[in-house]
Amino acid sequence: MLALPAALAAGASAAWAQRGCPPRDDLYCMELVATPAFPAATGIARLGWVPTPFGVAVTPEGEHLYDLTLTLDGLPDPRTLGPYFTYVAWATTPVLRPMLKLGDVRNGVARVGRVGFNKFLILVSAEPSAAVRDRSGPLVLRGASPSMRLQPHDLPILLAAAGGHAETQSRGDAAHGRKSSDGWVPPPMHPGVPMLPGLMGFRPQATPFLPDPGAAGVASPAIPHRFIRLNDGDTLRLEAGPVTRTILGRSYLMYGFNGQYPGPVVEVAQRATIVVDFVNRTALPTAVHWHGVRLDNRFDGVPHVTQEPVAPGERFVYHVHFPDAGIYWYHPHHREDIQQDLGLYGNLFVRPTDPDYFAPAHRDEILMLDDLLIGEAGLVPYGLEAATHALNGRFGNVLLVNGEPRYELEVRRGEVIRFFLTNASSTRVFNLSFPDARMKIVGSDLGNYEREEWTENVVIAPAERYIVDVRFESAGRVPLVNRVHALDKVFGNFVALVDTLGLVRVARRPARPDLSAGFDHLRENDDVAAEIARYRVHFDRPPDRELELTVRLGDIPFPIDPLVRMDSLYFHPVEWSGTMPEMNWVTTARQVRWVVRDVATGAENDAIDWRFHVGDLVRLRLRNQRHAGHAMQHPIHIHGQRFLVLSVNGVANPNRVWKDTVLLPVGVTAELLVELSNPGRWMLHCHIAEHLSAGMAMVFEVS
Ligand code: C2O
Ligand code: CU
């Protein structure tokens, strides 16, 4: 008998019970509770970060993946419980199906494998042997995933209290999705998630804005983007102005660059410099930012930081130099929530100097992902004085690839297509896959990874870029899909959402030349790895700076206010589809202030005053506060520089790439190594357009 004396076992379990899950970590930790028969047993399960080339690891279906570590204590010798010789840990869903065997466990710490369930239970049972396939022995410990904390009664109770008050306000025409007399078009309901009746009748506290057909004159129909190849020293004339767009059979007055959607794809050689003669023919002041390009600070296109805004009718000349190969993009840096959303964005493709930088592919395809919010009466207007949708950002209900709701591509059998993906949406994180095609991840924001990896899906946050090679092996049709699980906060359910963004038709005729041998081989990019190795000495030192990502909630009307502050409940690490459209819509940037806070000084947003020197390597810790009243993921972007993601939640990144934007899911801490190679005053901000409008930005200086 190896069992501890009862008193000692009880002491140990008390210690564990006291330790439990740290509150700050409650989204990534679960307490295991003893069954009444074995009260001395205790344990916790840590939901560890799964290394991924992307911002977060999810299955192609969109369920979050975790590496589980169990810490168990107080388990008696199993033989004292009957004919049992071991303990086995299991993971299962709330309906106990499927029952996934994690493996045999004992007192102590053990990594037990990976789970990918939205809601799950962890069970520990005594079993006759470690080889059992099904659970038959007595249950000793069990615990529920943090996602099970949201219960169906939580929100309805809050609303019941408010119902009488809010219901008295009529939605009038708006209840049927028509434009109401105040000019607003309410957002449509979320598919599959009920609307909260108590929220009807509220309006954003702002003047509705859409491009004015009167002022726009005759806006001509936009055409699909064109490719422009520019040589060093060439000039691009770029005009932002009104266009008409036809989407799903209805036409809208929007904005476009050079009358195109998206804007022209500009192809240049690495190390080229081009001149962009920009003219603003929109109704709003603006400036053009060259996202990810480490250019001269004077041309970074940030109003009031690097230049004065370009007033309607005025021009600005940019000199854009491209030191790095890969895929970049340009967009306005003034009220992105309006201007970028209305169609002002385009790609920059920088052809590498090294002809072998990318492995051979038959073709390149450039895809810009976006979404657009369309109500029954047309585009949902924007807030003129302050952004609407300030909580979760403006999720659209029509997903777009290169500005079209349906992307189409014809390929031959065995063809290898290199896709350059950019997410130009205001807030949506996409989880893309091509079922039945093989895909490998090649590059991201500023070029290639240290090594290629097979992947089944691509998670891409706003402003990020990913480069993937996809081989279409057999004839037929392969859809491009976005699959996520949305959290219905009313009932605490997860809802599977599948959107087909496009279709690839694979012909029977084989592609020539045959690139399969090269495709089957995962390249080690020694050039990238060797360059990154020079920074290795900085990988393990403590952080130099720390920013906390949080929020301040202002005067939000009842009953929206308590719905927003669901702090004690649960936030999904990623809000994938904006399941409370009404609550989100009516909350403007006047009522919500998203915050980056310098942990050392307590300074926030524009009050932060960081100064560095060219050549500094700054180890920056970003912590996305989970207990802030309302939490959400933030894609954090740093202008003019590049950085490496060294670790996330303490797990080292095994495959690095230079980035300019990193996704921080709720409650996550990431450590970056930021290389300050480019002098000037640069912005760091959240790339959710509405969070940026709601203050989530700071400026640092490199001299
Ligand atoms: Cu793509 Cu400051 O932005
Ligand atoms: Cu944000």
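Residues numbered from 1 in each chain as written. Chains lettered and ligands numbered in written order. Predicted model: local features only at pLDDT ≥ 70, side-chain atom pairs only at ≥ 80, totals over all residues. Heavy atoms only, no water.

1. Describing the sheet that holds strand 38 (residues 617-624)
The pairing of strands in a sheet happens through backbone hydrogen bonds and is either parallel or antiparallel. With mixed pairing, the six strands of this open sheet are ordered in space as 36-35-38-43-40-41. If you trace the sheet from one side to the other, it starts and ends with strand 36 (592-598) and strand 41 (651-652), each paired once. The pairing of strand 38 with strand 43 (residues 669-675) spans seven bridges and is classified as antiparallel. Considered in strand 43, the bridge of Arg619 is made with Leu673. (Pairing = 2+ DSSP bridges. Helix = DSSP H or I, 4+ residues; strand = E, 2+ residues; numbered from the N terminus.)

2. Some thoughts on the pattern of salt bridges
Under the definition given, this model contains 49 salt bridges. Among the salt bridges present, the one from Arg149 reaches Asp26, with a minimum N-O distance of 3.0 Å. One end of the pair, Arg149, is in the loop between strand 8 (139-144) and helix 2 (154-167); the other, Asp26, is in the loop between helix 1 (6-19) and strand 1 (29-34), and 123 residues separate them in sequence. Arg149 sits in the partly exposed class, given a relative accessible area of 29%. Among the ionic pairs, Arg656 bridges to Glu450, the shortest N-O distance being 3.2 Å. Taken together, the residues Arg656 in the loop between strand 41 and strand 42 (661-664) and Glu450 in strand 30 (residues 447-455) connect sequence positions 206 residues apart. Arg656 gets classed as buried once you look at its relative accessible area, which sits at 12%. Glu450 sits in the buried class, given a relative accessible area of 5%. Linked by salt bridges that have partners in common, Glu546, Glu548, Arg552, Arg597, Glu604, Arg619, Arg621, Arg623 and Glu671 make up one network. (Salt bridge = Lys/Arg side-chain N within 4 Å of Asp/Glu carboxyl O. Buried < 20%, exposed > 50% of the residue type's maximum accessible area, 1.4 Å probe, protein only.)

3. Digging into the sheet that holds strand 39 (residues 634-638)
The strand order 37-45-44-39-42 describes an open sheet built from five strands, whose pairing is mixed. At either margin of the open sheet sits one strand with a lone partner, and together these are strand 37 (610-612) and strand 42. Neighbour-to-neighbour, the strand axes of this sheet turn through a mean angle of 20°, independent of strand direction. Across three bridges, the pairing between strand 39 and strand 44 (residues 680-686) is antiparallel. Bridging across to strand 44, His637 finds its partner in His685. (Axes fitted to C-alpha atoms, helices over the stretch in contact; angles between N-to-C directions.)

4. Digging into the confidence of the model for the protein
When pLDDT is averaged along the protein, the result is 91; 92% of the residues meet or exceed 70. Under a pLDDT of 50 for its full length, residues 1-14 has, in the predicted model, ten contacts with residues more than four places off or in other chains. In the model, residues 164-177 has pLDDT below 50 throughout and makes 26 contacts with residues more than four positions away in sequence or in other chains. (pLDDT = per-residue confidence, 0-100. Contact = heavy atoms within 4.5 Å.)

5. A short note on the coordination of the copper ion (ligand 2)
For the copper ion (ligand 2), the full set of protein donor atoms is His634 (ND1), Cys686 (SG) and His691 (ND1), at a range of 2.0 to 2.1 Å. For Cys686, a relative accessible area of 0% translates into the label buried. For His691, a relative accessible area of 0% translates into the label buried. (Donors = N, O, S within 2.8 Å, 3.2 Å for Na, K, Ca; no water.)

6. Looking at the state of the cysteines
Covalently bonding the sulfur atom of one cysteine to the sulfur atom of another cysteine gives a disulfide. The final tally for this structure, using the stated rule, is one disulfide. Through a disulfide, Cys21 is tied to Cys29; the S-S separation comes to 2.1 Å. When the S-S torsion is -75°, as for the bridge of Cys21 with Cys29, the disulfide is left-handed. In this pair, the class of Cys21 matches that of Cys29, namely buried. (Disulfide = S-S within 2.5 Å.)

7. Some remarks on the side chain of Arg335
Of note, Arg335 is situated in the loop between strand 19 (326-332) and helix 4 (336-339). A polar contact is formed between the side chain of Arg335 and the side chain of Asp337, at a distance of 2.7 Å. Of note is the side chain of Arg335, whose polar atom sits 2.6 Å from the backbone oxygen of Gly383. (Polar contact = N/O pair within 3.5 Å; in protein donor to acceptor, adjacent residues only side chain to side chain.)

8. Overview of the environment of Tyr28
Structurally, Tyr28 can be placed in the loop between helix 1 and strand 1. Measuring from C-alpha to C-alpha, the distance between Tyr28 and Trp49 comes to 8.6 Å, with 21 residues separating the pair along the chain. Setting aside residues up to four positions removed in sequence, Tyr28 forms contacts with Ala45, Arg46, Leu47, Tyr66, Pro573, Asn649, Pro665, Val666, Gly667 and Val668. A distance of 2.6 Å separates a polar atom in the side chain of Tyr28 from the backbone oxygen of Val666.

9. With respect to unusual backbone geometry
Cis geometry marks the peptide bond from Arg97 to Pro98, where omega comes out at -10°. The topology assignment puts Pro98 in the loop between strand 4 (86-92) and strand 5 (99-105). Between Arg512 and Pro513 the backbone carries a cis peptide bond, its omega angle lying at -10°. Summarising the element assignment, Pro513 is placed in the loop between strand 34 (493-510) and helix 5 (516-520). Non-glycine residue Arg335 carries a positive phi angle of around 45°. Taking the relative accessible area as the measure of exposure, Arg335 reaches 16% and is therefore buried. In this model, Asn649 sits at a positive phi of 45°, which is unusual for a non-glycine residue. With respect to the secondary-structure elements, Asn649 resides in the loop between strand 40 (642-648) and strand 41.

10. Topic: empty space enclosed by the protein
Rolled over the atoms, a probe as big as a water molecule pinpoints where empty space is left. In this structure the tally under the stated criterion is seven cavities of 30 Å³ or more. The space that makes up the largest cavity amounts to roughly 220 Å³. If you trace the largest cavity, you find 22 residues lining it, with Thr52, Pro53, Phe54, Val645 and Asn653 closest to the centre. Among the elements of the structure, strand 40, strand 41 and strand 42 are those that each provide at least two residues to the lining of the largest cavity. No other element matches strand 40, which puts three residues into the lining of the largest cavity. The class makeup of the residues in the lining of the largest cavity is 14 nonpolar, five polar and three charged. When residues of the lining of the largest cavity are assigned to domains, at least three map to each of domain 1 (6-149) and domain 4 (536-554 + 591-702). (1 Å grid on protein atoms, 1.4 Å probe; cavity = no way out; pocket = protein on both sides within 12 Å on 5 of 7 lines; lining within 4 Å. Points joined across faces, edges and corners; volume = space filled by probe spheres on them. Nonpolar A, V, L, I, M, F, W, Y, C, P; charged D, E, K, R; others polar. Domains from an automatic or database assignment.)

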